[in-house]
Amino acid sequence: MTASPTRSARAATLALAIALMTIAPRPVRAVGLEGDASPRRIAVGLGVGWDNVGGVGHQGQLTSELWAQVEHRWRYGVALAGGLALRRDLYGYDFALSRGRGGSFGATMPLSVGFDGRRFHLSIGPALTMEGRHGDRSEMALLPIGTLRLRVGSQDGWNVGVTLLEDLPVATGGGPIGARASLGLPRLRDGRRVRVGAYLSGAEWTAGLSASHEWPWPIPCWAPMTAFRIGLIVGSGLGRFGRIELGTTAAIVY
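Here's what I pulled together on the structure shown here. Please read these numbers as outputs of a predicted model, since none were measured by experiment.

1. Things to note about the pairing of strand β3 (residues 78-94)
Now for step 1: Relative to β3, strand β2 (residues 59-73) is paired through 15 bridges, and the arrangement is antiparallel. Within the sheet, the bridge partner assigned to Ala-68 lies in β3 and is Leu-84.
Now for step 2: Hairpin remark: β2 followed by β3, antiparallel, with four residues in the connecting loop; positive phi at Tyr-76, about 65°.
Now for step 3: Alignment of β3 against strand β5 (residues 105-116), held across nine bridges, turns out to be antiparallel. In the strand pairing of β5, Arg-88 is matched with Phe-105.
Now for step 4: Judged from the three bridges that link them, β3 and strand β4 (residues 99-101) form a sheet pairing that is antiparallel. Bridging from a neighbouring strand, Gly-92 pairs with Arg-101 of β4.

Structural data, given as structure tokens:
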């Protein structure tokens, strides 16, 4: 006896639903590369630092940065992240000309989409940038492949994170157009999270070490804050090791 088309369609639909439920990733405790126990996260931060810029006209920049990032994970592991970083150079020094120069403005707006699972994250996307360090006018560019983010391992255990090209924060995170690799330690009993790593900026020809520390936010307030995070980088120009760069950023996480 041949099954009716309606019955066959129902059986196929049920089989597909069971397969999706089987292969769908289990809920994760955090989305992206670092953060609190939530599939959705909004981080807003402020950073300051002394940024070394390589090249023929090697420069040092006293810079400040305001940045924000939104990350969200939907069903079946689909993850989307976007953000905006606004940088203002307060003072610049040209080592080649041995004189100071005025400040400049820069902005970065990366967007990435990908897969986020319990022990794996991979996302990629474009970035819109505006840079004013190279002259009297700002230059805008759209990078089709502007950011790539990878995490291997659970957020609550040992994990390795890698970001290529633009990522947030930019100016106080090692510079744009570079690579960052970090090791996440297992989440401590009181909920704190620690990461240590290294960065290399191809655009600025600098390299150094990085660290971040995140605390759960225990104080109830008008906004549903979940954590407070600080980050630090210490590096130098490649081939110019005496020209140190320092950067620090503080962020509140919702």
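2. Observations concerning empty space enclosed by the protein
Now for step 1: Per the stated rule, a full pass over the model turns up five cavities of 30 Å³ or more.
Now for step 2: Quantified by volume, the largest cavity comes out at close to 540 Å³.
Now for step 3: Lining of the largest cavity is provided by 34 residues; of these, Glu-34, Leu-168, Pro-169, Arg-180 and Ser-212 occupy positions nearest its centre.
Now for step 4: Listed by contribution, the elements that provide at least two residues to the lining of the largest cavity are β1 (40-53), β2, β8 (159-165), β9 (178-184), β10 (193-201), β11 (206-216), β12 (227-237) and β13 (240-253).
Now for step 5: Across the lining of the largest cavity, the residue classes tally to 15 nonpolar, eleven polar and eight charged.

3. A look at the nonpolar core
Now for step 1: One finds Ala-43, Trp-67, Ala-85, Leu-168, Val-170, Ala-227, Ala-251 and Val-253 forming the largest nonpolar core, which totals eight residues.
Now for step 2: Contacts of Ala-85, omitting those with residues within four sequence positions, involve Glu-65, Leu-66, Trp-67, Gly-106, Ala-107, Thr-108, Leu-168 and Val-170.

4. Observations concerning a nonpolar patch on the surface
Now for step 1: Taken together, the side chains of Ile-42, Val-44, Leu-46, Leu-66, Val-70, Leu-84, Leu-86, Phe-105, Met-109, Leu-128, Met-140 and Leu-142 define a hydrophobic patch exposed on the protein surface, amounting to about 1,000 Å² of accessible area.
Now for step 2: Going through the elements one at a time, β1, β2, β3, β5 and β7 (139-152) are the ones with two or more residues in the nonpolar patch.
Now for step 3: Looking at the secondary structure, you find Ile-42 in strand β1.

5. Some thoughts on the pattern of salt bridges
Now for step 1: Following the criterion strictly, the structure yields twelve salt bridges and no others.
Now for step 2: In this structure, Asp-116 and Arg-73 form a salt bridge, with 3.7 Å as the shortest nitrogen-oxygen distance. One end of the pair, Asp-116, is in strand β5; the other, Arg-73, is in strand β2, with 43 residues separating them in the sequence. When sorted by exposure, Asp-116 lands in the same class as Arg-73, which is buried.
Now for step 3: Taking the shortest distance from any N to any O, the salt bridge between Asp-156 and Arg-193 comes out at 3.2 Å. Here Asp-156 is found in the loop between β7 and β8, whereas its partner Arg-193 is found in strand β10, with 37 residues between them in sequence.
Now for step 4: Residue Arg-193 is classed as buried on the basis of its relative accessible area, which comes to 10%.
Now for step 5: Within the structure, one salt-bridge network assembled from shared partners comprises Arg-41, Glu-71, Arg-149 and Asp-167.

6. Some words on unusual backbone geometry
The general pattern is negative phi for most residues beyond glycine and trans for most peptide bonds.
Now for step 1: A cis amide bond, omega -10°, links Leu-168 with the succeeding residue Pro-169.
Now for step 2: Even without being a glycine, Leu-165 presents a positive backbone phi close to 65°.
Now for step 3: Assignment of secondary structure puts Leu-165 in strand β8.
Now for step 4: Given a relative accessible area of 27%, Leu-165 falls into the partly exposed group.
Now for step 5: The residue Trp-205 is not glycine, and still its phi comes out positive at about 55°.

Thresholds, definitions, all that
Residues numbered from 1 in each chain as written. Predicted model: local features only at pLDDT ≥ 70, side-chain atom pairs only at ≥ 80, totals over all residues. Heavy atoms only, no water. Pairing = 2+ DSSP bridges. Helix = DSSP H or I, 4+ residues; strand = E, 2+ residues; numbered from the N terminus. 1 Å grid on protein atoms, 1.4 Å probe; cavity = no way out; pocket = protein on both sides within 12 Å on 5 of 7 lines; lining within 4 Å. Points joined across faces, edges and corners; volume = space filled by probe spheres on them. Nonpolar A, V, L, I, M, F, W, Y, C, P; charged D, E, K, R; others polar. Core = buried A, V, L, I, M, F, W, Y, C linked by side-chain atoms within 4.5 Å. Buried < 20%, exposed > 50% of the residue type's maximum accessible area, 1.4 Å probe, protein only. Contact = heavy atoms within 4.5 Å. Patch = residues over 30% accessible without salt bridge, like charges linked within 9 Å, V, L, I, M, F, W, Y side chains within 5 Å. Areas by Shrake-Rupley, 256 points an atom, 1.4 Å probe, with all protein chains shown as cover. Salt bridge = Lys/Arg side-chain N within 4 Å of Asp/Glu carboxyl O.

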